[in-house]
Amino acid sequence: MTTPTIGVLALQGDVREHLVALAAADALARPVRRPEELADLDGLVVPGGESTTMSKLAVVFGMLEPLRDFVRSGRPVYGTCAGMIMVADKLLDARADQETFGGVDMIVRRNAFGRQNESFEAAVDMTGIPGGPVHGVFIRAPWVESTGAAAEVLARYDGHTVAVRQGNVLATSFHPELTGDHRVHAFFVDMVRTAV
């Protein structure tokens, strides 16, 4: 497969930026809002945004179980920031009723790096990404408190885990789609090509 079809969950968050980054990484990218739009996808991106809102909208639009099924199917999924929260098996500092799609045996702390006005940018060395550090944009970003044996830590910043991979699920607490550097998306597109 040369051009995989990758959806971007478009319930809430920075959808357009991911569509642009995926297209730059030679994928056919399209927004996904309904369960039936998951059927013919080779992979899926869960964007940054607000994880509590995303969780509620997934329930309202009947997407929660189809998204869980998508993750369980083994098709590749990439979550950024709020998307990292949504692919975590367990959360800290979340509302008691917040749902996730799961997929990575990790505990993620919401808003771990601070509030909106404490957002920052930093160079991040990430395993599997050639060409030097990636530029990480951290906006009310989570971090990973702990991972299970199956989860591989790909990057740390200031002593905290900020990128992980477990099988076909990739997650970063930062936003590579906001930088114009499409190497992380290219890494994910390669994951999708390999999985199909």
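Residues numbered from 1 in each chain as written. Predicted model: local features only at pLDDT ≥ 70, side-chain atom pairs only at ≥ 80, totals over all residues. Heavy atoms only, no water.

**Brief notes about the nonpolar core**
Ile 6, Leu 22, Met 126, Phe 138, Leu 170, Phe 174 and Phe 188 are the most contacted members of the largest nonpolar core, which totals 31 residues. For this core, the secondary structure elements donating two or more residues are strand E1 (5-9), helix H1 (15-24), strand E7 (120-124), strand E8 (134-138), strand E10 (152-157), strand E11 (160-166) and helix H5 (183-195). Of the residues forming this core, the biggest block, six residues, is contributed by H5. If we skip the residues at most four places from it in the chain, Phe 188 touches Ile 6, Leu 22, Leu 44, Val 45, Pro 76, Val 77, Tyr 78 and Leu 170. Within the second largest apolar cluster, 30 residues are counted, among which are Val 32, Phe 70, Val 77 and Val 108. (Core = buried A, V, L, I, M, F, W, Y, C linked by side-chain atoms within 4.5 Å. Buried < 20%, exposed > 50% of the residue type's maximum accessible area, 1.4 Å probe, protein only. Helix = DSSP H or I, 4+ residues; strand = E, 2+ residues; numbered from the N terminus. Contact = heavy atoms within 4.5 Å.)

**A closer look at the UniProt feature "active site" (unreviewed entry) in the chain**
Mapped onto the present numbering, the UniProt feature "active site" (unreviewed entry) falls on Cys 81, His 175 and Glu 177. Across 97 residues in sequence, these annotated residues keep their C-alpha atoms within 11.0 Å of one another, forming a single compact spot. Mapped onto the elements of the fold, Cys 81 is located in the loop between strand E4 (77-80) and helix H4 (82-86). We classify His 175 as buried; its relative accessible area is 5%. (UniProt positions renumbered as here; feature names shortened; annotations may be inferred.)

**Looking at the UniProt feature "binding site: L-glutamine" (unreviewed entry) in the chain**
Within this structure's numbering, the places UniProt gives as "binding site: L-glutamine" (unreviewed entry) are Gly 49, Glu 50, Ser 51, Arg 110, Ile 139 and Arg 140. Separation in sequence by 92 residues is not matched in space for these annotated residues, since their most distant C-alpha atoms are only 12.6 Å apart. Structurally, the position occupied by Arg 110 is in the loop between strand E6 (104-109) and E7. In terms of polar contacts, Arg 110 uses its side chain to reach the side chain of Ser 51, at 3.1 Å. (Polar contact = N/O pair within 3.5 Å; in protein donor to acceptor, adjacent residues only side chain to side chain.)

**As for the packing of H1 against H5**
Two numbers describe a pair of packed helices, the interaxial angle and the distance between the axes. Close contact between H1 and H5 brings their axes to 9 Å; oriented N to C, the two are set at 70 degrees. Classified by the angle between their axes, H1 and H5 sit roughly perpendicular to one another. Seen from above, H1 lies across H5 with right-handed handedness. For the pair H1 and H5, contact is made by His 18, Ala 21 and Leu 22 and by His 185, Phe 188 and Val 189, respectively. (Axes fitted to C-alpha atoms, helices over the stretch in contact; angles between N-to-C directions. Parallel < 35°, antiparallel > 145°, perpendicular 65-115°, else oblique. Left-handed = near helix turned anticlockwise from the far one by under 90°.)

**With respect to helix H2 (residues 51-60)**
Those residues of H2 not exposed but buried are Ser 51, Thr 52, Met 54, Ser 55 and Ala 58. What you see down the axis of H2 is that its buried residues fit within an arc of 165 degrees, all on one side. Looking at the buried side of H2, the elements it contacts are E1, strand E3 (43-46), helix H3 (64-72) and H4. The opening residue of H2, the one whose side-chain oxygen lies 3.0 Å from the backbone nitrogen of Thr 52, is Glu 50. Positive phi shows up at Gly 62, right after H2, with a value of about 70 degrees. (Arc of directions from axis to C-beta.)

**Regarding the environment of Thr 127**
Inspection of the secondary structure puts Thr 127 in the loop between E7 and E8. Overall, Thr 127 belongs to the partly exposed group, its relative accessible area being 45%. The sequence separation of Thr 127 and Arg 140 amounts to 13 residues, and the corresponding C-alpha distance is 23 Å. Dropping the residues within four chain positions of it, Thr 127 is found in contact with Glu 152 and Leu 154.

**Description of the packing of aromatic side chains**
The full count for this structure, using the stated rule, is nine aromatic pairs. Ring geometry for Phe 120 versus Phe 138: centroids 4.7 Å apart, planes at 10 degrees, classification stacked. Taken together, the positions of Phe 120 in strand E7 and Phe 138 in strand E8 put the pair 18 residues apart, joining distant regions of the chain. Ring pairs connect the aromatic residues Phe 113, Phe 120, Phe 138, Trp 143, Tyr 157 and Phe 174, which therefore count as one cluster. (Phe/Tyr/Trp six-rings, centres within 6.5 Å; stacked < 30°, edge-to-face > 60°.)

**What to know about the pattern of salt bridges**
As enumerated under the stated definition, the model contains 13 salt bridges in all. Residue Glu 65 is joined to Arg 72 by a salt bridge in which the shortest nitrogen-to-oxygen separation is 3.9 Å. Judged by relative accessible area, which is 40%, Glu 65 ranks as partly exposed. Given a relative accessible area of 57%, Arg 72 falls into the exposed group. (Salt bridge = Lys/Arg side-chain N within 4 Å of Asp/Glu carboxyl O.)

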